[in-house]
Amino acid sequence: SPSPAQRAEILRRQIDEAGKAYYDRDEQLIPDAEYDRLVRELEALEQAHPELVNADSPTQRVGGKAASRFAEVRHAVPMLSLGNAFSDEEVQDFVRRISERLRRDTVRFSAEPKLDGLAISLRYEDGRFVQGATRGDGTTGEDVSANLRQIKVIPHTLQGSGWPQVLEVRGEVYMARADFEAYNADARLHEGKVLANPRNAAAGSLRQLDPKMSARRKLSFYAYGIGEVRGGELPPTHSATLAQLKEWGFPVSELCQVVEGGEGLLAYYRDIAERRDGLAFDIDGVVYKLDDRAGQEQMGFVSRAPRWAIAHKFPAQEQTTT
Ligand SMILES: NC(=O)n1nc(-c2ccco2)nc1N
(Lines give C-alpha, C1' and ligand atoms only; values in the text may rest on other atoms or scores of the structure.)
Protein backbone atom coordinates (compact mmCIF):
# COMPACT_ATOMS: atom_id res chain seq x y z
CA SER A 1 0.00 0.00 0.00
CA PRO A 2 1.28 3.48 -0.79
CA SER A 3 3.23 5.38 1.87
CA PRO A 4 1.49 8.40 3.48
CA ALA A 5 3.63 10.63 1.26
CA GLN A 6 2.58 8.77 -1.89
CA ARG A 7 -1.08 8.78 -0.77
CA ALA A 8 -0.89 12.51 -0.10
CA GLU A 9 0.61 13.10 -3.56
CA ILE A 10 -2.20 11.09 -5.19
CA LEU A 11 -4.84 13.02 -3.25
CA ARG A 12 -3.26 16.39 -4.09
CA ARG A 13 -3.22 15.59 -7.77
CA GLN A 14 -6.87 14.44 -7.77
CA ILE A 15 -8.03 17.49 -5.79
CA ASP A 16 -6.08 19.94 -7.93
CA GLU A 17 -7.27 18.32 -11.16
CA ALA A 18 -10.91 18.35 -10.01
CA GLY A 19 -10.56 21.89 -8.66
CA LYS A 20 -9.06 23.23 -11.91
CA ALA A 21 -11.72 21.51 -14.02
CA TYR A 22 -14.39 22.99 -11.79
CA TYR A 23 -13.12 26.57 -11.58
CA ASP A 24 -11.51 26.95 -14.97
CA ARG A 25 -13.90 24.92 -17.09
CA ASP A 26 -16.96 24.74 -14.80
CA GLU A 27 -16.64 20.99 -15.35
CA GLN A 28 -17.54 18.62 -12.55
CA LEU A 29 -14.99 15.77 -12.82
CA ILE A 30 -16.01 14.26 -9.50
CA PRO A 31 -19.19 14.79 -7.48
CA ASP A 32 -19.24 17.25 -4.57
CA ALA A 33 -19.30 14.68 -1.79
CA GLU A 34 -16.33 12.85 -3.34
CA TYR A 35 -14.35 16.13 -3.58
CA ASP A 36 -15.15 16.96 0.06
CA ARG A 37 -14.08 13.44 1.10
CA LEU A 38 -10.71 13.70 -0.72
CA VAL A 39 -9.98 17.07 0.91
CA ARG A 40 -10.89 15.73 4.34
CA GLU A 41 -8.68 12.66 3.82
CA LEU A 42 -5.73 14.85 2.78
CA GLU A 43 -6.25 17.16 5.76
CA ALA A 44 -6.27 14.16 8.12
CA LEU A 45 -3.15 12.75 6.46
CA GLU A 46 -1.34 16.12 6.79
CA GLN A 47 -2.43 16.38 10.41
CA ALA A 48 -0.95 12.93 11.11
CA HIS A 49 2.22 13.64 9.11
CA PRO A 50 3.01 17.40 9.32
CA GLU A 51 6.20 16.83 7.33
CA LEU A 52 3.96 16.18 4.31
CA VAL A 53 2.47 19.67 4.32
CA ASN A 54 4.03 21.86 1.62
CA ALA A 55 3.08 25.27 0.29
CA ASP A 56 1.24 24.00 -2.76
CA SER A 57 -0.99 21.57 -0.89
CA PRO A 58 -4.64 22.39 -1.66
CA THR A 59 -5.23 22.56 2.09
CA GLN A 60 -2.72 25.43 2.32
CA ARG A 61 -4.06 27.53 -0.54
CA VAL A 62 -4.51 31.21 0.36
CA GLY A 63 -8.19 32.13 0.13
CA GLY A 64 -9.03 28.47 -0.21
CA LYS A 65 -7.47 27.77 3.19
CA ALA A 66 -10.19 27.07 5.66
CA ALA A 67 -10.43 30.13 7.86
CA SER A 68 -10.95 29.47 11.54
CA ARG A 69 -14.21 31.43 11.83
CA PHE A 70 -16.17 34.20 10.12
CA ALA A 71 -15.80 37.92 10.83
CA GLU A 72 -18.76 39.48 12.63
CA VAL A 73 -21.11 41.93 10.93
CA ARG A 74 -23.44 44.30 12.77
CA HIS A 75 -26.74 44.83 10.94
CA ALA A 76 -27.44 48.60 10.78
CA VAL A 77 -31.12 47.62 10.42
CA PRO A 78 -31.89 44.54 12.57
CA MET A 79 -33.00 41.43 10.69
CA LEU A 80 -36.50 40.82 11.99
CA SER A 81 -37.98 37.67 13.37
CA LEU A 82 -41.64 37.20 12.50
CA GLY A 83 -44.59 36.58 14.83
CA ASN A 84 -46.55 33.45 13.90
CA ALA A 85 -50.21 32.80 13.20
CA PHE A 86 -51.44 29.22 13.20
CA SER A 87 -55.16 29.72 12.66
CA ASP A 88 -57.52 31.74 10.49
CA GLU A 89 -58.74 33.60 13.60
CA GLU A 90 -55.21 34.76 14.40
CA VAL A 91 -54.87 36.02 10.83
CA GLN A 92 -58.19 37.89 11.14
CA ASP A 93 -56.97 39.43 14.44
CA PHE A 94 -53.75 40.52 12.72
CA VAL A 95 -55.74 42.28 9.99
CA ARG A 96 -58.19 43.80 12.48
CA ARG A 97 -55.40 45.29 14.63
CA ILE A 98 -53.94 46.95 11.54
CA SER A 99 -57.21 48.25 10.05
CA GLU A 100 -58.24 49.67 13.44
CA ARG A 101 -54.93 51.38 14.18
CA LEU A 102 -54.58 52.75 10.63
CA ARG A 103 -58.33 53.51 10.45
CA ARG A 104 -58.68 51.79 7.07
CA ASP A 105 -61.61 49.62 5.97
CA THR A 106 -59.55 47.68 3.46
CA VAL A 107 -55.87 46.87 3.94
CA ARG A 108 -53.54 45.63 1.19
CA PHE A 109 -50.81 43.09 1.93
CA SER A 110 -47.86 41.59 0.15
CA ALA A 111 -48.37 37.83 0.53
CA GLU A 112 -45.28 35.70 0.00
CA PRO A 113 -44.11 32.08 0.31
CA LYS A 114 -42.06 31.55 3.47
CA LEU A 115 -38.88 29.92 2.14
CA ASP A 116 -37.31 27.48 4.57
CA GLY A 117 -33.65 28.37 4.06
CA LEU A 118 -31.21 30.82 5.59
CA ALA A 119 -31.96 34.52 6.01
CA ILE A 120 -29.12 36.70 4.73
CA SER A 121 -28.39 40.34 4.08
CA LEU A 122 -26.57 41.54 0.94
CA ARG A 123 -24.90 44.96 0.99
CA TYR A 124 -24.35 46.95 -2.22
CA GLU A 125 -22.43 50.24 -2.46
CA ASP A 126 -22.71 52.20 -5.70
CA GLY A 127 -24.34 49.16 -7.23
CA ARG A 128 -21.57 46.72 -6.34
CA PHE A 129 -21.85 43.77 -3.96
CA VAL A 130 -19.52 44.57 -1.04
CA GLN A 131 -20.61 42.29 1.82
CA GLY A 132 -23.03 39.52 2.74
CA ALA A 133 -23.93 38.28 6.20
CA THR A 134 -26.09 35.71 7.94
CA ARG A 135 -28.93 36.84 10.19
CA GLY A 136 -27.16 35.64 13.34
CA ASP A 137 -29.14 36.92 16.36
CA GLY A 138 -30.79 39.61 14.25
CA THR A 139 -28.29 42.30 15.26
CA THR A 140 -24.95 40.56 14.66
CA GLY A 141 -24.35 38.02 11.90
CA GLU A 142 -21.36 36.34 10.22
CA ASP A 143 -19.60 37.64 7.14
CA VAL A 144 -20.13 34.96 4.48
CA SER A 145 -19.40 37.26 1.50
CA ALA A 146 -16.94 34.85 -0.15
CA ASN A 147 -19.49 32.04 -0.12
CA LEU A 148 -22.32 34.26 -1.32
CA ARG A 149 -20.19 35.34 -4.31
CA GLN A 150 -20.33 31.73 -5.47
CA ILE A 151 -24.14 31.78 -5.75
CA LYS A 152 -24.80 32.46 -9.43
CA VAL A 153 -28.21 34.17 -8.98
CA ILE A 154 -26.85 36.79 -6.55
CA PRO A 155 -25.78 39.81 -8.65
CA HIS A 156 -22.20 41.09 -8.17
CA THR A 157 -23.25 44.38 -9.76
CA LEU A 158 -26.77 45.73 -10.12
CA GLN A 159 -28.54 45.95 -13.48
CA GLY A 160 -30.61 48.91 -14.67
CA SER A 161 -30.15 52.22 -12.84
CA GLY A 162 -31.35 54.50 -10.09
CA TRP A 163 -30.26 52.45 -7.09
CA PRO A 164 -29.36 54.16 -3.79
CA GLN A 165 -25.69 54.67 -2.88
CA VAL A 166 -26.09 52.09 -0.09
CA LEU A 167 -28.63 49.32 -0.57
CA GLU A 168 -29.06 46.28 1.66
CA VAL A 169 -31.22 43.49 0.27
CA ARG A 170 -32.62 40.81 2.57
CA GLY A 171 -33.62 37.39 1.37
CA GLU A 172 -33.37 33.65 1.81
CA VAL A 173 -30.56 31.39 0.59
CA TYR A 174 -31.97 27.93 -0.09
CA MET A 175 -31.13 24.66 -1.82
CA ALA A 176 -33.73 23.52 -4.36
CA ARG A 177 -35.15 20.07 -3.65
CA ALA A 178 -33.69 18.59 -6.84
CA ASP A 179 -30.18 19.82 -5.93
CA PHE A 180 -30.67 18.48 -2.41
CA GLU A 181 -31.70 15.01 -3.67
CA ALA A 182 -28.76 14.96 -6.09
CA TYR A 183 -26.34 15.92 -3.34
CA ASN A 184 -27.62 13.15 -1.04
CA ALA A 185 -27.71 10.51 -3.77
CA ASP A 186 -24.07 11.26 -4.42
CA ALA A 187 -23.17 11.41 -0.72
CA ARG A 188 -24.60 7.89 -0.29
CA LEU A 189 -22.51 6.64 -3.22
CA HIS A 190 -19.30 8.04 -1.79
CA GLU A 191 -19.81 7.60 1.98
CA GLY A 192 -20.28 11.36 2.22
CA LYS A 193 -22.51 12.95 4.84
CA VAL A 194 -26.19 12.47 3.93
CA LEU A 195 -28.01 15.67 4.87
CA ALA A 196 -31.37 15.69 6.65
CA ASN A 197 -33.16 18.43 4.69
CA PRO A 198 -32.49 21.26 2.22
CA ARG A 199 -32.40 23.84 5.01
CA ASN A 200 -29.53 22.07 6.77
CA ALA A 201 -27.82 21.66 3.40
CA ALA A 202 -28.06 25.39 2.72
CA ALA A 203 -26.86 26.29 6.21
CA GLY A 204 -24.00 23.82 5.99
CA SER A 205 -22.96 25.08 2.56
CA LEU A 206 -23.10 28.73 3.47
CA ARG A 207 -21.05 28.15 6.58
CA GLN A 208 -18.33 26.22 4.76
CA LEU A 209 -15.14 27.99 5.76
CA ASP A 210 -13.58 27.19 2.41
CA PRO A 211 -15.39 29.09 -0.36
CA LYS A 212 -14.24 26.46 -2.83
CA MET A 213 -16.15 23.82 -0.88
CA SER A 214 -19.17 26.07 -0.55
CA ALA A 215 -19.13 26.73 -4.29
CA ARG A 216 -19.64 23.05 -5.00
CA ARG A 217 -23.08 22.99 -3.40
CA LYS A 218 -25.79 24.48 -5.59
CA LEU A 219 -27.50 27.20 -3.63
CA SER A 220 -30.13 29.69 -4.74
CA PHE A 221 -31.60 32.90 -3.39
CA TYR A 222 -34.85 34.89 -3.34
CA ALA A 223 -34.98 38.55 -2.27
CA TYR A 224 -37.86 39.49 0.03
CA GLY A 225 -36.96 42.71 1.78
CA ILE A 226 -34.74 45.67 2.36
CA GLY A 227 -32.24 46.57 5.09
CA GLU A 228 -30.23 49.79 5.22
CA VAL A 229 -30.87 52.28 2.40
CA ARG A 230 -28.82 55.48 2.05
CA GLY A 231 -28.67 58.12 -0.68
CA GLY A 232 -31.78 57.17 -2.56
CA GLU A 233 -35.50 56.54 -2.36
CA LEU A 234 -37.37 53.27 -2.71
CA PRO A 235 -41.02 52.91 -3.83
CA PRO A 236 -43.69 53.56 -1.14
CA THR A 237 -44.92 49.95 -1.05
CA HIS A 238 -43.21 46.63 -0.35
CA SER A 239 -44.62 45.03 -3.52
CA ALA A 240 -43.29 47.87 -5.70
CA THR A 241 -39.94 47.53 -3.95
CA LEU A 242 -39.82 43.81 -4.80
CA ALA A 243 -40.58 44.70 -8.43
CA GLN A 244 -37.74 47.24 -8.33
CA LEU A 245 -35.34 44.63 -6.87
CA LYS A 246 -36.25 42.32 -9.73
CA GLU A 247 -35.30 45.06 -12.23
CA TRP A 248 -31.96 45.51 -10.45
CA GLY A 249 -31.26 41.82 -11.02
CA PHE A 250 -32.46 40.04 -7.87
CA PRO A 251 -34.56 36.88 -8.09
CA VAL A 252 -38.00 37.47 -6.56
CA SER A 253 -40.47 34.62 -6.16
CA GLU A 254 -43.29 34.64 -8.74
CA LEU A 255 -45.57 33.51 -5.90
CA CYS A 256 -45.45 36.97 -4.27
CA GLN A 257 -48.83 38.63 -4.66
CA VAL A 258 -50.72 41.70 -3.39
CA VAL A 259 -54.00 40.70 -1.72
CA GLU A 260 -56.70 42.60 0.16
CA GLY A 261 -58.05 41.97 3.66
CA GLY A 262 -58.29 38.77 5.73
CA GLU A 263 -60.18 36.95 2.98
CA GLY A 264 -57.43 37.71 0.47
CA LEU A 265 -54.78 36.47 2.88
CA LEU A 266 -56.57 33.22 3.69
CA ALA A 267 -57.34 32.51 0.04
CA TYR A 268 -53.62 32.97 -0.71
CA TYR A 269 -52.69 30.67 2.19
CA ARG A 270 -54.96 27.90 0.90
CA ASP A 271 -53.74 28.30 -2.65
CA ILE A 272 -50.07 28.03 -1.64
CA ALA A 273 -50.87 25.11 0.72
CA GLU A 274 -52.29 23.20 -2.27
CA ARG A 275 -49.32 23.98 -4.48
CA ARG A 276 -46.70 23.37 -1.77
CA ASP A 277 -45.69 19.81 -2.65
CA GLY A 278 -45.19 20.80 -6.27
CA LEU A 279 -42.79 23.66 -5.57
CA ALA A 280 -39.09 23.35 -6.44
CA PHE A 281 -38.11 24.39 -2.91
CA ASP A 282 -39.21 23.86 0.70
CA ILE A 283 -41.51 26.37 2.36
CA ASP A 284 -42.90 26.22 5.90
CA GLY A 285 -45.75 28.72 5.50
CA VAL A 286 -46.50 32.07 3.97
CA VAL A 287 -45.70 35.61 5.09
CA TYR A 288 -48.15 38.53 5.08
CA LYS A 289 -46.72 42.07 5.08
CA LEU A 290 -48.64 45.32 5.20
CA ASP A 291 -47.82 46.64 1.75
CA ASP A 292 -47.46 50.39 2.30
CA ARG A 293 -44.30 51.45 4.10
CA ALA A 294 -45.90 54.47 5.80
CA GLY A 295 -48.40 52.09 7.41
CA GLN A 296 -45.54 49.78 8.46
CA GLU A 297 -43.83 52.66 10.24
CA GLN A 298 -47.07 53.58 12.03
CA MET A 299 -47.51 49.99 13.20
CA GLY A 300 -43.89 49.60 14.42
CA PHE A 301 -42.69 46.47 16.24
CA VAL A 302 -43.50 44.38 19.25
CA SER A 303 -40.13 43.61 20.90
CA ARG A 304 -38.20 42.35 17.84
CA ALA A 305 -41.12 41.30 15.67
CA PRO A 306 -42.99 43.78 13.49
CA ARG A 307 -46.66 44.49 14.16
CA TRP A 308 -47.06 44.85 10.46
CA ALA A 309 -46.07 41.34 9.39
CA ILE A 310 -46.68 37.77 10.50
CA ALA A 311 -45.84 34.31 9.22
CA HIS A 312 -48.78 31.92 8.84
CA LYS A 313 -47.23 28.47 9.25
CA PHE A 314 -48.46 25.18 7.79
CA PRO A 315 -49.07 22.29 10.22
CA ALA A 316 -45.76 20.43 10.76
CA GLN A 317 -45.21 17.81 8.05
CA GLU A 318 -43.79 14.39 8.91
CA GLN A 319 -40.31 14.63 7.35
CA THR A 320 -39.90 12.00 4.64
CA THR A 321 -36.66 10.18 5.38
CA THR A 322 -34.26 10.84 2.57
N1 LIG B 1 -38.40 33.22 4.68
C2 LIG B 1 -39.07 33.97 3.82
O3 LIG B 1 -39.37 33.53 2.69
N4 LIG B 1 -39.43 35.30 4.19
N5 LIG B 1 -39.04 35.90 5.35
C6 LIG B 1 -39.56 37.13 5.28
C7 LIG B 1 -39.36 38.15 6.30
C8 LIG B 1 -38.73 37.97 7.48
C9 LIG B 1 -38.77 39.22 8.11
C10 LIG B 1 -39.42 40.10 7.28
O11 LIG B 1 -39.78 39.41 6.14
N12 LIG B 1 -40.27 37.33 4.17
C13 LIG B 1 -40.20 36.18 3.48
N14 LIG B 1 -40.78 35.94 2.27
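Our structure is the block above this text.
Conventions we followed
- Residues numbered from 1 in each chain as written.
- Predicted model: local features only at pLDDT ≥ 70, side-chain atom pairs only at ≥ 80, totals over all residues.
- Heavy atoms only, no water.
- Helix = DSSP H or I, 4+ residues; strand = E, 2+ residues; numbered from the N terminus.
- Buried < 20%, exposed > 50% of the residue type's maximum accessible area, 1.4 Å probe, protein only.
- Contact = heavy atoms within 4.5 Å.
- Core = buried A, V, L, I, M, F, W, Y, C linked by side-chain atoms within 4.5 Å.
- 1 Å grid on protein atoms, 1.4 Å probe; cavity = no way out; pocket = protein on both sides within 12 Å on 5 of 7 lines; lining within 4 Å.
- Points joined across faces, edges and corners; volume = space filled by probe spheres on them.
- Nonpolar A, V, L, I, M, F, W, Y, C, P; charged D, E, K, R; others polar.
- Axes fitted to C-alpha atoms, helices over the stretch in contact; angles between N-to-C directions.
- Parallel < 35°, antiparallel > 145°, perpendicular 65-115°, else oblique.
- Pairing = 2+ DSSP bridges.

Visitor: I keep staring at the overall build of the chain and nothing clicks. Help me out?
Guide: Counting its secondary structure elements, the chain contains 10 helices and 13 strands. For the C-alpha atoms alone, the extent of the chain along its principal axes is close to 80 × 45 × 35 Å. Counting every position in the chain, which comprises 322 residues, the buried fraction comes to 49%. The long-range fraction of contacts in the chain, counting pairs at least 24 apart against all pairs at least 6 apart in sequence, stands at 75%.

Visitor: Help me understand the nonpolar core in this model?
Guide: Generally speaking, nonpolar side chains in soluble globular proteins are found buried as a group. Grouped together as the largest cluster of nonpolar side chains are 33 residues, with contacts concentrated most on Leu122, Leu148, Val173, Leu206, Phe221, Leu245 and Phe250. Sorting the residues of this core by element identifies strand E4 (118–125), strand E7 (166–174), helix H5 (177–189), helix H6 (198–206), strand E8 (220–230) and helix H8 (238–247) as the ones contributing at least two each. Among residues more than four places away in sequence, those in contact with Leu148 are Ile120, Leu122, Phe129, Gly132, Ala133, Ile154, Val173 and Leu206. Val91, Phe94, Leu102 and Val259 belong to the second-largest nonpolar core, a separate cluster that totals 31 residues.

Visitor: What is the right way to read the layout of surface pockets from this model?
Guide: Where empty space is left becomes clear once a probe the size of a water molecule has been rolled over the atoms. The calculated volume of the largest pocket comes to roughly 1,200 Å³. Lining of the largest pocket is provided by 42 residues; of these, Met79, Leu80, Ser81, Arg170 and Tyr224 occupy positions nearest its centre. Its residues placed into classes, the lining of the largest pocket shows 17 nonpolar, 11 polar and 14 charged.

Visitor: So what exactly am I meant to see when it comes to the packing of helix H2 (residues 32–48) against H5 here?
Guide: Helix packing geometry: the angle between the two helix axes and the distance between the axes. Here H2 crosses H5 at 50°, and the two axes come no closer than 7 Å. Considered as vectors, H2 and H5 are oriented oblique to each other. On H5, the residues touching Asp32, Ala33, Glu34 and Asp36 of H2 are Tyr183, Asp186 and Ala187.

Visitor: It is not clear to me how unusual backbone geometry should be interpreted in this structure. Could you clarify?
Guide: Phi is mostly negative for residues that are not glycine, and the peptide bonds are mostly trans. With phi around 50°, Asp126 is a residue other than glycine that occupies positive phi space. Looking at the secondary structure, you find Asp126 in the loop between E4 and strand E5 (128–134). Positive phi is not limited to glycine here, since Glu191 has a value of about 50°. Structurally, the position occupied by Glu191 is in the loop between H5 and H6.

Visitor: Please clarify how the sheet that holds strand E9 (residues 257–260) should be interpreted in this entry.
Guide: Through backbone hydrogen bonds, the strands of a sheet pair up, either in parallel or in antiparallel fashion. With mixed pairing, the 5 strands of this open sheet are ordered in space as E2-E13-E10-E3-E9. Edge strands, defined here as strands with exactly one partner in the open sheet, are strand E2 (83–85) and E9. The sheet shows a mean angle of 35° between the axes of neighbouring strands, taken without regard to direction. When strand E3 (residues 108–115) meets strand E10 (residues 283–290), the two strands line up antiparallel, connected through 6 bridges. Looking across to E10, one finds that Phe109 is bridged to Leu290. Contacts from helix H3 (residues 88–101) reach E2, E3, E10 and strand E13 (309–313) within the one sheet, and its direction differs from that of E13 by about 170°. The strands that helix H9 (residues 261–275) touches are E3, E9, E10 and E13; relative to E9, the one it contacts most, it runs at about 135°.

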